[in-house]
Amino acid sequence: MTQSVEEFHVSEVARDVVIIGAGPSGLSAARRLRKSGRSVIVLEARDRVGGRTWTEHIDGQMFELGGQWVSPDQTALLALLDELGKETYPRYRDGDSVYIAPDGARTVYSGEMFPVGESTQAEMERLIGLLDELAARIGPKTPWDAEDAAELDSISFHHWLREQSEDELACENIGLFVAGGMLTKPATTFSTLQAILMAASAGSFSNLVDDHFILDRRVVGGMQSVSVQMAEQLGGDIVRLQQPVRRIEWSETGVHVSTDDLSVSADQAIVAVPPNLYSRISYDPPLPRLQQIFHQHQSMGLVIKVHATYDTPFWREDGLCGTGFGASRLVQEVYDNTNHGEEQGTLVGFISDVNADAMWALDEETRRATILEALAEFLGPKALDPRVFYLSDFGAEEWTRGAYATSYDLGGLHRWGPFQNDPVGPIHFASSDIAAEGYQHVDGAVRIGTATAERILGEIS
């Protein structure tokens, strides 16, 4: 079959800055550059904006398939929400929580600490104190500069915890908040320095383990609406969807960025996608050896975000807030995720790393039944019969390939972290994965997107 010449036509565009990725990082960069009068274009591979924030309607029910939480320390995100006129609302947390022990024993409790024995509770508090001290000393900006960075980066978080304590349950419970809860990898696969960075980026390990703090509020209409509003303000001529970037040709004087039907010439480029996707782009000349190597050692974890909506939030009638924890259970965390103003009730649960592997190996019917039984462990048999049930699967997303963010292999953070934000000629890198404060969160994406734009403005002013 002969194709016409028109079918191969490639539009040519010239801008001051080309931005790859229309998530919160790329869009924040674009807004800052436009505010200073620079011409920009944002190229997004997907058919939507928002990156790892995605608010979707499934069988008539609105679910936050991706990132959704706002915590008090996320001042960059809070300032953006205020600027955009977005409203937030608190996560429902009136009532008791549920804890499931390794032996399956279910305990309803109130307060912040898990209902474990006195000695285990004391050990958990001691470990939290140690991690708070490390997070305060090392900080989020340059953890690789700490005098003990190499030592902390060479031991897994799993093994470090057990060096500090012989209480296995205390170690499991503390490990949950970073392994399953944040990095979505087994605690044997990432370093203690990486765990400390995670804590420091949230202000402290105490903040990280406090669900009332770290999962404080949500955005009315969903977190993706933040990106949607930013993109609408920028306009369709600037934000181009379904434009996966295939190639970046670069020199010290500029870049030439190619998609299947666009060719963009610019003075600078911002690659605003997670590091595990950098290699999806061909570079001419190739990136320097250092980037070629360390990008291979930043990888995503894996998590299943479980959404289940019921006719009513029945758990509230039982005096429960919908929150549950069980480090050894299939669903390690569950929360009331009812949307603002809705009468029906929604639960969200999380299945991480090897447990997620096991679930995707099952057929759909068995997987659904197994997961609902895990929710029922926390909240009773009514949890078995949701009106709408859905599983977020960013691991199968072509332009994400995991969740929630990348982290380094053992030893990688102190070895390569100092270089992760360095530009290569006119190519800059910006995503929440390489942010300091707000690492792995929308707040970090806003911070690093804005900061990268300001660095470019400083270079060309």
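Conventions used here
Residues numbered from 1 in each chain as written. Predicted model: local features only at pLDDT ≥ 70, side-chain atom pairs only at ≥ 80, totals over all residues. Heavy atoms only, no water. Helix = DSSP H or I, 4+ residues; strand = E, 2+ residues; numbered from the N terminus. Rg over C-alpha atoms; globule rule 2.2 N^0.38 Å. Buried < 20%, exposed > 50% of the residue type's maximum accessible area, 1.4 Å probe, protein only. Contact = heavy atoms within 4.5 Å. Phe/Tyr/Trp six-rings, centres within 6.5 Å; stacked < 30°, edge-to-face > 60°. Pairing = 2+ DSSP bridges.

### Overview of the overall build of the chain
No. 1: Each helix and strand counted, the chain has 17 helices and 21 strands in total.
No. 2: Whereas a compact globule of 461 residues would reach a radius of gyration of roughly 23 Å, the chain reaches 22 Å, a difference of no more than 12%.
No. 3: When the backbone C-alpha atoms are referred to their principal axes, the chain occupies close to 70 × 55 × 45 Å.
No. 4: Out of the 461 residues belonging to the chain, those deemed buried represent 59%.
No. 5: Taking all contacts inside the chain whose residues are at least 6 apart in sequence as the whole, residues at least 24 apart take part in 74%.

### Re the packing of aromatic side chains
No. 1: In the structure shown here, the tally under the stated rule is 16 aromatic pairs.
No. 2: Residues Phe114 and Phe177 carry aromatic rings whose centres are separated by 5.8 Å and whose planes lie at 25° to one another, so their mutual orientation is stacked. Here the residue Phe114 occupies a position in the loop between β7 (106-109) and α3 (118-138), and Phe177 occupies one in the loop between α6 (168-176) and α7 (179-183), the gap between them amounting to 63 residues.
No. 3: Given the relative accessible area of 4%, Phe114 is considered buried.
No. 4: Here Phe177 falls in the buried class, since its relative accessible area comes to 9%.
No. 5: Between Phe314 and Trp315, the aromatic rings sit 4.9 Å apart at their centres with planes inclined by 75°, giving edge-to-face as the arrangement. Here Phe314 and Trp315 have matching classes, each one buried.
No. 6: Among the aromatic residues, those joined into a ring-pair cluster are Trp69, Tyr99, Tyr109, Phe114, Phe177, Phe325, Tyr335, Phe350 and Tyr404.

### A short note on unusual backbone geometry
No. 1: With an omega dihedral of 0°, the bond running from Asp284 to Pro285 counts as a cis peptide bond.
No. 2: On the secondary structure map, Pro285 appears in the loop between β13 (282-284) and α12 (289-294).
No. 3: In the segment running from Ala403 into Tyr404, the intervening peptide bond is cis, with an omega of -15°.
No. 4: Unlike most non-glycine residues, Thr184 shows phi in positive territory, near 50°.
No. 5: Positive phi values are uncommon outside glycine, yet Gln242 reaches one of about 55°.
No. 6: Here Gln242 shows up in the loop between β9 (239-240) and β10 (247-251).

### A look at the pairing of β10
No. 1: The alternating pattern of β10 places Ile248 and Trp250 on a buried face, while none of Arg247, Glu249 and Ser251, on the opposite face, is buried.
No. 2: Here β10 pairs with strand β11 (residues 254-258) via five bridges, running antiparallel. Along β11, the bridge assignment pairs Arg247 with Ser258.

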